[in-house]
Amino acid sequence: MIVPGSASQEVAAALSRELDEPLAAAEYDRFADGETLVRVPETAERAIVVASTVSDAAHVELLQLQDAAREQAEEVVTVLPYMGYARQDRAFEAGQPVSARAMARAISTGTDRVVTVNPHEGSVCDFFETPCTVVDAAGRLAEPLPSLSEPLFLSPDASAVDLAEAVRDAYGAGEADYFEKDRHSDTDVEIRPSDANTANRDVVLVDDIIATGSTMSMAIAQLSEPTRVFVTCVHPMLAANARSKLATAGVDAVYGTDTIERAVSAVSVAPAIADKL
Ligand code: R5P
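The shown structure was predicted, so the numbers you read here are calculated from the model rather than taken from an experiment. (Residues numbered from 1 in each chain as written. Predicted model: local features only at pLDDT ≥ 70, side-chain atom pairs only at ≥ 80, totals over all residues. Heavy atoms only, no water.)

### Things to note about the site of the ligand
Moving on, step 1. Taken together, 14 residues lie near the ligand, and Arg87, Asp207, Asp208, Thr212 and Thr215 sit nearest.
Moving on, step 2. Contact distances for the ligand include 2.8 Å between an oxygen atom and a backbone N or O atom of Ala211.
Moving on, step 3. In the complex, 93% of the free accessible area of the ligand, which totals 380 Å², lies under the protein chains.
Moving on, step 4. When residues of the shell around the ligand are traced back to their parent elements, those giving at least two are strand S10 (180-183), strand S12 (202-209) and helix H5 (214-221).
Moving on, step 5. The element that contributes the greatest number of residues to the shell around the ligand is S12, accounting for 3 residues.
Moving on, step 6. Here the residues of the shell around the ligand sort into 3 nonpolar, 5 polar and 6 charged. (Near = heavy atom within 4 Å. Polar contact = N/O pair within 3.5 Å; in protein donor to acceptor, adjacent residues only side chain to side chain. Areas by Shrake-Rupley, 256 points an atom, 1.4 Å probe, with all protein chains shown as cover. Helix = DSSP H or I, 4+ residues; strand = E, 2+ residues; numbered from the N terminus. Nonpolar A, V, L, I, M, F, W, Y, C, P; charged D, E, K, R; others polar.)

And the structure:
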């Protein structure tokens, strides 16, 4: 059975269709002191808990769903379409936690294996104490793109150029390149232009995640006379005013997957996840 987290109901339903396994109807309750309680009424041989940890509350819900699923199934698999805290994969200053490691350890206690989609760094898998499989959904990002003229696929930094190349390859035409990026703080990002000519071309900016939208907005500001600008990412977190920032920056359309369920989630990662289960 597929056990959906409340923030991942679309992708869980899509996975249920892909695998032809039933969806569990998790039940929720809240105590007067604010604590939550979940219940998984069904039993099965295998429970696949599908929950993007998009918030601290989603982390708690995941631990509860895993524990409940363990009572009802022989095998528990945890699918993290989006793994929260994955970008905190090292201590930036002495005395800080490696938050991704702390989250991975906690999640490991309730599962036999983990499957996650395009974590910021694949090495985050090493933090889990159970087997961890990475799903690469980048190729699917080409699906919602319209027909492009002289396409140029750009990533905002060198580490994401693989994603830009994967989208270019899936689209089937165009060049791929990247910007140089320096991050001074959570919202202060400096982008230096690439050598690629952007004039009179359709530009597709590709990244693993759009969080505050600062990176993509800065990248768009560096483009010189593009015909159209499309922005695509695996994880459309789009926190706070990120979508408005992108609109103000002049983007023609934003696309993401359903690892984080947003209005821009034009592509489902469920088929790619199903291949690994
Ligand atoms: C960082 O290296 C990531 O690949 C993204 O570029 C970054 O996390 C996006 O964050 P934001 O939208 O807040 O600039």
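### Notes on the side chain of Arg46
Moving on, step 1. Within the fold, Arg46 resides in strand S4 (residues 44-50).
Moving on, step 2. A distance of 2.5 Å separates the side chain of Arg46 from the side chain of Glu21, its partner in a polar contact.
Moving on, step 3. Residues within four places of Arg46 in sequence aside, it is in contact with Met1, Leu19, Glu21, Ala73, Glu75, Val77 and Leu277. (Contact = heavy atoms within 4.5 Å.)

### Examining the pattern of salt bridges
Moving on, step 1. All chains considered together, the criterion is met by 8 salt bridges.
Moving on, step 2. Among the salt bridges present, the one from Arg39 reaches Glu27, with a minimum N-O distance of 3.1 Å. With Arg39 in strand S3 (residues 36-39) and Glu27 in strand S2 (residues 27-30), the pair connects residues that are 12 residues apart, well separated along the chain.
Moving on, step 3. Since its relative accessible area comes to 46%, Arg39 is described here as partly exposed.
Moving on, step 4. Accessibility expressed as a relative area gives 38% for Glu27, which makes it partly exposed. (Salt bridge = Lys/Arg side-chain N within 4 Å of Asp/Glu carboxyl O. Buried < 20%, exposed > 50% of the residue type's maximum accessible area, 1.4 Å probe, protein only.)

### Digging into the state of the cysteines
In a disulfide, the sulfur atoms of two cysteines are covalently bonded to one another.
Moving on, step 1. If you walk through the whole model with that rule in mind, you get 1 disulfide.
Moving on, step 2. The side chain of Cys125 participates in a disulfide bridge whose partner is Cys132; the two sulfur atoms lie 2.2 Å from each other. As the torsion about the S-S bond is roughly -50°, the Cys125-Cys132 disulfide counts as left-handed.
Moving on, step 3. Assessed through its relative accessible area of 21%, Cys132 is described here as partly exposed. (Disulfide = S-S within 2.5 Å.)

### Focus on the packing of helix H2 (residues 56-72) against helix H3 (residues 99-108)
Moving on, step 1. Contact geometry of H2 with H3 gives a least axis separation of 10 Å together with a crossing angle of 20°. When the axis of H2 is compared with that of H3, the two are roughly parallel. Counting all contacts with H2, which are made through His59, Leu62, Leu63 and Gln66, the residues of H3 involved are Met103, Ala106 and Ile107.
Moving on, step 2. Of the residues in the contact of H2 with H3, the class split is 5 nonpolar, 2 polar and no charged. (Axes fitted to C-alpha atoms, helices over the stretch in contact; angles between N-to-C directions. Parallel < 35°, antiparallel > 145°, perpendicular 65-115°, else oblique.)

### Thoughts on the packing of H5 against helix H6 (residues 242-249)
Think of two packed helices as two axes; the pair is described by the angle between the axes and how far apart they sit.
Moving on, step 1. Axis separation between H5 and H6 bottoms out at 9 Å; the angle between their running directions is 0°. One finds that H5 runs roughly parallel with respect to H6. On H6, the residues touching Ser214, Met216, Ser217 and Ile220 of H5 are Lys245, Leu246 and Ala249.
Moving on, step 2. Looking at the contact of H5 with H6 residue by residue, the classes come out as 4 nonpolar, 2 polar and 1 charged.

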